[in-house]
Amino acid sequence: MKTIPLKLPKVIGHRGLAKFAPENTIDSIRKAHEHHLSWVEVDVMLSRDNIPVLLHDETLDRTTNAKGLLTDHDLQHLLSVDAGSWFHPDFKNASIPTLHEALTVCDKLNLSINLELKPSHHNEERLLLETLDCIHKLELHCPHILFSSFNKSLLKLCATTASNFPLAYLVDDKDNEASIIQFAKEISCYSVHLPIELVSPALIQQLHTLGKKVLVFTVNEQLQAEQLIAQGVDAVFSDYPLVL
Ligand code: G3P
Ligand code: MG
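Here's a quick rundown of the structure. Not measured: the values here are computed from a predicted model. (Residues numbered from 1 in each chain as written. Chains lettered and ligands numbered in written order. Predicted model: local features only at pLDDT ≥ 70, side-chain atom pairs only at ≥ 80, totals over all residues. Heavy atoms only, no water.)

1. Description of the site of ligand 1
The environment of ligand 1 is formed by His14, Arg15, Glu41, Asp43, His56, Glu116, Phe150, Leu170 and Phe217. Within the side chain of Asp43, one N or O atom sits 3.1 Å away from an oxygen atom of ligand 1. Within the side chain of Glu116, a nitrogen or oxygen atom sits 2.7 Å from an oxygen atom of ligand 1. Contact with the protein chains covers 91% of the free accessible surface of ligand 1, which is 290 Å². Grouping the amino acids of the shell around ligand 1 by side-chain chemistry returns three nonpolar, two polar and four charged. (Near = heavy atom within 4 Å. Polar contact = N/O pair within 3.5 Å; in protein donor to acceptor, adjacent residues only side chain to side chain. Areas by Shrake-Rupley, 256 points an atom, 1.4 Å probe, with all protein chains shown as cover. Nonpolar A, V, L, I, M, F, W, Y, C, P; charged D, E, K, R; others polar.)

Pasting the structure below:
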């Protein structure tokens with residue numbers, strides 16, 4: 001992997017800034033910027049017609065006024081969906097953003113972005129290709145784009161097909177320490193992102209010895225975030241603009 005020196009902050013806004021605006025919307029990305037964060041994480045999935053959009057769940061049910069699988073809907077319909085009222089009536093005009101829109105906004109705001117790639121129905125290759133295509137069509141100046149995924153096949157694909165982008169191995173909370181270390185050795189990645197339940201000083205140290213940055217999700221308590229940073233964690237994902 002080409003080594004790209006990243007300027008990593010201590011706090012990355014989770015799904016934009018998920019406690020201040022509906023997650024994975026343009027409002028949420030703007031909130032992160034308004035609260036002086038320099039990085040955001042968002043979740044990227046494909047619509048039925050293979051357009052990368054921001055959404056966390058496989059279905060529209062929790063975060064929109066529509067129902068059903070995202071992959072059963074074309075972009076044209078997704079754009080008409082209300083993705084904000086569930087959070088607060090003030091956000092009734094929020095829609096599901098395309099990746100193109102999200103990257104354009106990040107570029108304007110000089111925000112770096114962590115794209116968590118979430119494949120469904122074995123569309124790993126298509127998801128990566130459409131994401132890369134979207135990035136390449138834009139002339140972006142935003143400082144950094146970091147890819148991440150829980151999906152190991154997709155991570156391997158990123159390491160070969162998208163090796164000019166830094167990569168993060170997202171660890172599932174069901175993984176154990178031995179398998180985490182094993183895969184971290186196997187995959188050429190910049191960082192390993194741990195669920196908070198799995199963090200231990202020994203694991204942090206082992207990952208650092210492998211030359212990986214260690215990031216932790218999702219940390220919403222100031223004190224807990226301070227303790228993690230004191231233990232050696234490089235950065236945390238938070239729904240709040242914690243100050244570290
Ligand atoms: O990338 C960190 C975090 O977003 C991973 O979990 O479920 O919030 O996407 P999730
Ligand atoms: Mg995510």
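2. Overview of the packing of aromatic side chains
Scanning all chains against the criterion turns up six aromatic pairs. With centroids separated by 6.0 Å and ring planes inclined at 75°, the aromatic side chains of Phe150 and Phe217 adopt a geometry described as edge-to-face. With Phe150 in the loop between strand 5 (145-149) and helix 5 (152-161) and Phe217 in strand 8 (residues 213-217), the pair connects residues that are 67 residues apart, well separated along the chain. In this structure Phe217 comes out as buried when scored by relative accessible area, which is 17%. (Phe/Tyr/Trp six-rings, centres within 6.5 Å; stacked < 30°, edge-to-face > 60°. Helix = DSSP H or I, 4+ residues; strand = E, 2+ residues; numbered from the N terminus. Buried < 20%, exposed > 50% of the residue type's maximum accessible area, 1.4 Å probe, protein only.)

Note that all results are geometric; they support no functional claim without further evidence.
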